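Next come the chains, spelled out residue by residue.
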Amino acid sequence: MITLVRGARQLLTLRGDSGPRRGAALRDLGMVPNGAVLIKDGLIVDAGPAHRVEKLPDAGRAREVDATGRVVMPGFVDSHTHLVFGRPRLADYEMRLAGASYAEIAAAGGGILSSVAAVRGMSAAQLETQARASLDDMARHGTTTLEAKSGYGLDEAAELKTLRVLAKLNGDPLDIVPTYLGAHIPPPEYRGKADAYIDWTIAEMMPKIRRRKLARFVDVYCDDGAFTLEQARRYLSAARRLGFGLKIHAEQFARTGAARLAVELEAVSADHLEQASEEDIRALAHSNTIATLLPGSVFHLGLRTYAPARALIEAGAAVALATDFNPGTSPVYSMQMALSLACTEMRMTPAEAIAAATINGAHALGMADRVGSLEPNKQGDLLVLNAEDYRELPYYFGANNVHTTINTSCPKP
């Protein structure tokens, strides 16, 4: 199939150097006025000025998508989600609004362990139905590629069930990068025995998941009430020896040293960072680890401390944005809302937020050679917006500004 997207008032190619965007480069959207994109067999042939693209040999026989007067840009790359969770945690939400603490919610049967009970108790078909509905919502709001974690099973059967659901959903319609978050919190069977649980994940789960190719990354939640820095180090070091890419939930509620551990172990990303220190910021700025910021969770929890986006950008760190879509702290599937929060609450510019949500998100998944920008030989994943100017995207917060999502979903590697 050949597709020509023509008439774009602003074409945001995000074309640039091969590495993640940092500093001033984060504001360079590679904008082309009066642009067009030609896609053939799922791959971009060219993206640039209409007078050039529309003269290409295949353009004359292409199916046309009219983008007259609109913004055309890469699809969003949501590099941190907890897609498979079974059921929303509505009781937690209501209790939190009434002033209950996290510990009180957990003591009442809520929190992460309530999602663990839900995922363990549901069939794969039921979990697939829940996740597919969320994927459809994500696609309508402009996401074309996402990362999705396990971590609400925490035993062998439920974790493998979750990862198999993700494998089945991959490419239908969105590209899904799977992550094993076995170290989310200790499960009920290991209450008070977190070290033994880490031993079990290393000895039993990681090798099995690696052999079956069910996850590309391994993640750990390093924070108060979850896992310690040394437990996280042991868990991630084992994952690295097996060949997994590394991610880490870092500095969300407490300063733990997890951000610097991510740098030390050359993790692909350190995610959250609301409590990051100046030392953490300097370490990230001088590393290849992506600082993935998740403002949706801060907003939903009614907190006031957002990640220090401006300090990270000005220090030279590579910053990405993601939704943290999950039932407990960030039930938002719209990357557009993440952009609005990034601009309003973290003082990122609209251009920085768009780059962080596309090309840098792709780098946070090791997929920047395939997605995140509109360049020849990349996937033809793009958005046509109900907007004349890209700055409208975060400006109209809470709205769906996407007119059309085009996702080519190339064959799985």
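Just above, that's the structure.
Residues numbered from 1 in each chain as written. Predicted model: local features only at pLDDT ≥ 70, side-chain atom pairs only at ≥ 80, totals over all residues. Heavy atoms only, no water.

Peer 1: Would you mind going over the overall build of the chain with me for this structure?
Peer 2: Within the chain, the regular secondary structure consists of 16 helices and 15 strands. A principal-axis box enclosing the C-alpha atoms of the chain has dimensions of 65 × 45 × 45 Å. In the chain, buried positions account for 61% of the 413 residues. By element, 52% of the accessible surface of the chain is carried by carbon and sulfur atoms, the whole surface being about 16000 Å². The distance from the centre of the 45 positive side-chain charges to the centre of the 47 negative ones in the chain is 4 Å. (Helix = DSSP H or I, 4+ residues; strand = E, 2+ residues; numbered from the N terminus. Buried < 20%, exposed > 50% of the residue type's maximum accessible area, 1.4 Å probe, protein only. Areas by Shrake-Rupley, 256 points an atom, 1.4 Å probe, with all protein chains shown as cover. Lys, Arg positive; Asp, Glu negative; His and termini not counted. Charge placed at Lys NZ, Arg CZ, Asp CG, Glu CD.)

Peer 1: Please explain the sheet that holds strand β11 (residues 269-272) as it appears in this structure.
Peer 2: Either a parallel or an antiparallel arrangement is found when strands of a sheet pair, and the pairing is made through backbone hydrogen bonds. Spatially, the eight strands line up as an open sheet ordered β6-β7-β8-β9-β10-β11-β12-β13, and their pairing is parallel. Looking at the sheet topology across the chains shown, the edges are occupied by β6 (76-78) and β13 (319-321). Between one strand axis and the next, the sheet turns by 25° as a mean value, whatever way the strands run. Two strands pair when backbone bridges link them, and β11 and strand β12 (residues 290-293) are joined in this way by three bridges, in the parallel orientation. Residue pairing in the sheet places Ser269 in a bridge with Ile290 of β12. Sheet strands in contact with helix α14 (residues 350-357) are β6 and β13, and its direction is about 80° off that of β13. (Pairing = 2+ DSSP bridges. Axes fitted to C-alpha atoms, helices over the stretch in contact; angles between N-to-C directions. Contact = heavy atoms within 4.5 Å.)

Peer 1: Any chance you could explain the packing of helix α13 (residues 335-346) against α14 here in plain terms?
Peer 2: In helix packing, the relevant descriptors are the interaxial angle and the interaxial distance, both defined with respect to the helix axes. Orientation of α13 relative to α14, taken along the N-to-C sense of each, is 140°, at an axis distance of 9 Å. In this view, α13 runs oblique relative to α14, as classed from their interaxial angle. As α13 runs across α14, the sense of the crossing is right-handed. Counted together, Met335, Leu339, Ala342 and Cys343 of α13 and Pro350, Ala353, Ile354 and Ala357 of α14 form the full contact between these two elements. Residues of the contact of α13 with α14, tallied by class, amount to eight nonpolar, no polar and no charged. (Parallel < 35°, antiparallel > 145°, perpendicular 65-115°, else oblique. Left-handed = near helix turned anticlockwise from the far one by under 90°. Nonpolar A, V, L, I, M, F, W, Y, C, P; charged D, E, K, R; others polar.)

Peer 1: Looking at this structure, I do not really get the packing of aromatic side chains. What am I missing?
Peer 2: The description of two aromatic rings rests on the distance between their centres and on the angle between their planes. Taken as a whole and judged by the stated rule, the model has six aromatic pairs. For the pair Tyr197 and Phe227, a centre-to-centre distance of 6.2 Å together with 20° between the ring planes defines the contact as stacked. Taken together, the residues span a long stretch of sequence, with Tyr197 in helix α7 (residues 194-211) and Phe227 in the loop between β9 (217-221) and α8 (229-241) at a distance of 30 residues. Like Tyr197, the residue Phe227 is buried in the burial classification. Three or more aromatic residues link up through ring pairs in this structure, and these residues are Tyr190, Tyr197, Trp200 and Phe227. Against the face of Tyr190 rests Lys193, its NZ or CZ located 5.7 Å from the ring centre. (Phe/Tyr/Trp six-rings, centres within 6.5 Å; stacked < 30°, edge-to-face > 60°. Lys NZ or Arg CZ within 6 Å of the ring centre and 35° of its normal.)

Peer 1: Any chance you could explain unusual backbone geometry here in plain terms?
Peer 2: Leaving glycine out, the prevailing phi sign among residues is negative, and the prevailing peptide bond configuration is trans. Along the chain, Asp172 connects to Pro173 via a cis peptide bond; the corresponding omega equals 5°. Looking at the secondary structure, you find Pro173 in the loop between α6 (156-169) and β8 (175-183). Unusually for a residue other than glycine, Asp41 sits at a positive phi of about 55°. Following the sequence through the fold, Asp41 ends up in the loop between β2 (31-40) and β3 (43-49). One non-glycine residue, Glu266, lies in positive phi territory at about 60°.

Peer 1: Before we go on, may I ask you to explain the layout of surface pockets in this structure?
Peer 2: Sizing a probe to match a water molecule and rolling it over the atoms shows the empty space that remains. In this structure, the largest pocket spans a volume of roughly 710 Å³. What lines the largest pocket is a set of 38 residues, among which Tyr102, Ile112, Ile185, Tyr221 and Gly225 lie closest to the centre. Where the lining of the largest pocket is concerned, the elements lending two or more residues are α3 (102-107) and α4 (112-121). Examining the composition of the lining of the largest pocket, we find that three residues originate from one element, α3, more than from any other. Tallied by class, residues from the lining of the largest pocket come to 18 nonpolar, 13 polar and seven charged. (1 Å grid on protein atoms, 1.4 Å probe; cavity = no way out; pocket = protein on both sides within 12 Å on 5 of 7 lines; lining within 4 Å. Points joined across faces, edges and corners; volume = space filled by probe spheres on them.)

Peer 1: Quick question: what am I supposed to make of the pattern of salt bridges here?
Peer 2: The tally for this structure, following the rule as stated, stands at 26 salt bridges. For the salt bridge of Arg27 with Glu352, the shortest nitrogen-to-oxygen distance reads 3.4 Å. Here Arg27, found in the loop between β1 (2-12) and β2, pairs with Glu352, found in helix α14; they are 325 residues apart in sequence, far enough to count as distant. Overall, the relative accessible area of 43% leaves Arg27 in the partly exposed class. Classification of Glu352 by relative accessible area gives buried; the value is 0%. Salt-bridge contacts for Arg310 lead to Glu352; the nearest nitrogen and oxygen are separated by 2.9 Å. (Salt bridge = Lys/Arg side-chain N within 4 Å of Asp/Glu carboxyl O.)

Peer 1: What should I look at first to understand the nonpolar core in this one?
Peer 2: Generally speaking, a soluble globular protein has its nonpolar side chains buried in company with each other. Formed by 112 residues in total, the largest nonpolar core has its most connected members in Leu83, Ile248, Leu273, Leu293 and Leu321. The contact partners of Leu293, leaving out residues within four places of it in the chain, are His272, Leu273, Ala307, Ala309, Leu312, Val319, Ala320, Leu321, Ala322 and Met346. If you look at the next biggest cluster of nonpolar residues, it comprises 15 residues, including Val32, Val37, Leu382 and Ile406. (Core = buried A, V, L, I, M, F, W, Y, C linked by side-chain atoms within 4.5 Å.)

Peer 1: Can you walk me through the environment of Ala322 in this structure?
Peer 2: The topology assignment puts Ala322 in the loop between β13 and α13. In the structure, Ala322 is positioned 305 residues away from Asp17 in sequence and 22 Å away in space, judged by C-alpha atoms. In this structure Ala322 touches Asp78, Ser79, His80, Thr292, Leu293, Leu294, Pro295, Met335 and Ala338, once residues within four positions along its chain are discounted.

Keep in mind that these numbers describe shape and distance, not what the molecule does.
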